Amino acid sequence: MSIKINHLTHIYNEGTAMAKTALDDVNLEINDGEFIGLIGHTGSGKSTLIQHLNALIKPTGGEILLNGVDINADKSKLKNIRQKVGLVFQYPEHQLFEMTVYKDVCYGPANLGLDEKEIDKRARESLETVGISEDIFEKSPFELSGGQKRRVAIAGILAMKPEVLILDEPTAGLDPKGRDEILDAVKEMHKRLGITVILVSHSMEDVARLVDRIIVMHKGKAALTGTPKEVFAQAEFLESIGLAAPQASYIMKGLREKGFDVPEDIFTIDDATKAIYELINGVKP
């Protein structure tokens, strides 16, 4: 599903002394099947933007088109819009409530009025996609690790068959193992399903590891967009708005400045480790 945002503006408490512009004439296009990273410091407009994408809030001005259709044009179609655009908020595991993992993931499809066979199919496929094995299906969600709980919560959204999936800080509060579990699951999910994914994250390395293109928000505007290589090449600009390039890119830059022949387009610790190994040993690991 493609997304086109035209002149999107949102003002909280418009017409009052407390008025605050959260989005200011944002214009963006996101292609069908694209994996987008959305970054920006707190207050940059990220959260307001993603809430507009499934019509949780209505714009002050401008429009959002999903496959060419304005999502706010017909209120009677909002339920369908929210089914197509799945939004996974921070700490989604707090919304788990059923007695078993399987029942929790079945809850959404059941509310769509689907038959039991289709509900079962969707639940099993979604749990498999996020790496939850069948031996965990009958466990209580509250017996699981933090990373497993979050993957179950994501599976619950996937079972609704969204065409766009928005993940708001999916690794927040997780230990390194849980973080890697989530990132691996998201990567596999995008590869397997081919749906449009928007990842909101404060982790530059997570974004560099996964996405096709980055959108940088600053003061309610889309300040910069491009591939990870294009965006992280603008390290000085990112620093000027309270962000930074991934740590690995600074390490590689330092090595290049000292005369070492290392690539410029390295942004993750894993890739930096491989490049340094190759530099030292003259061979690939």
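Residues numbered from 1 in each chain as written. Predicted model: local features only at pLDDT ≥ 70, side-chain atom pairs only at ≥ 80, totals over all residues. Heavy atoms only, no water.

### A word on the environment of I280
Item 1. Mapping I280 onto the fold places it in helix α11 (residues 269-281).
Item 2. Considering only alpha carbons, one finds I280 and L255, 25 residues apart in sequence, at a separation of 12 Å. (Helix = DSSP H or I, 4+ residues; strand = E, 2+ residues; numbered from the N terminus.)

### Examining the sheet that holds strand β8 (residues 196-200)
Item 1. Strands sit in the order β6-β7-β8-β3-β9-β10 across an open sheet of six strands; the sheet is mixed. On the outer flanks of this sheet lie β6 (85-88) and β10 (221-226), each paired with one strand and no other. When strand polarity is set aside, the average angle formed by the axes of neighbouring strands in this sheet is 20 degrees.
Item 2. Taken together, the four bridges between strand β3 (residues 35-39) and β8 define a ladder with parallel strand orientation. Considered in β8, the bridge of L38 is made with V200. (Pairing = 2+ DSSP bridges. Axes fitted to C-alpha atoms, helices over the stretch in contact; angles between N-to-C directions.)

### Topic: the sheet that holds strand β4 (residues 61-66)
Item 1. Taking strand neighbours across the sheet as the criterion, the four strands line up as β2-β1-β4-β5 in an open arrangement whose pairing is antiparallel. Strands at the two margins of the open sheet, each flanked by one partner only, are β2 (20-30) and β5 (69-70).
Item 2. Pairing of β4 with β5 involves two bridges; the strand directions are antiparallel. Considered in β5, the bridge of L65 is made with D70.
Item 3. Against the sheet, helix α1 (residues 46-53) contacts β1 (3-12), β2 and β4, and its axis sits at roughly 120 degrees relative to β1. (Contact = heavy atoms within 4.5 Å.)

### Considering the environment of G37
Item 1. Looking at where G37 falls in the secondary structure, it is placed in strand β3.
Item 2. A sequence separation of 168 residues divides G37 from E205, and the C-alpha atoms of the two residues are 11 Å apart.
Item 3. Beyond its immediate stretch of four places on either side in the chain, G37 contacts L199, V207, V211, R213, I214 and I215.

### Considerations on the pattern of salt bridges
Item 1. One pass over the structure, following the stated rule, counts 16 salt bridges.
Item 2. Across the salt bridge formed by E181 and K177, the nearest N and O atoms sit 2.7 Å from each other. Of this pair, E181 and K177 both sit in helix α6 (residues 176-193), four residues apart, which is roughly one turn of the helix.
Item 3. Taking the relative accessible area as the measure of exposure, E181 reaches 18% and is therefore buried.
Item 4. The closest approach of N and O atoms between E188 and R192, which form a salt bridge, is 3.6 Å. Of this pair, E188 and R192 both sit in helix α6, four residues apart, which is roughly one turn of that helix.
Item 5. Salt bridges sharing partners connect three or more residues here, namely R179, D180, D184, D206 and R209. (Salt bridge = Lys/Arg side-chain N within 4 Å of Asp/Glu carboxyl O. Buried < 20%, exposed > 50% of the residue type's maximum accessible area, 1.4 Å probe, protein only.)

### Considerations on the environment of C106
Item 1. Within the element layout of this structure, C106 appears in helix α3 (residues 101-111).
Item 2. For C106, a relative accessible area of 10% translates into the label buried.
Item 3. The residues contacting C106, other than those within four sequence positions of it, are I119 and A123.

Function-wise, these values are silent; they only describe arrangement.
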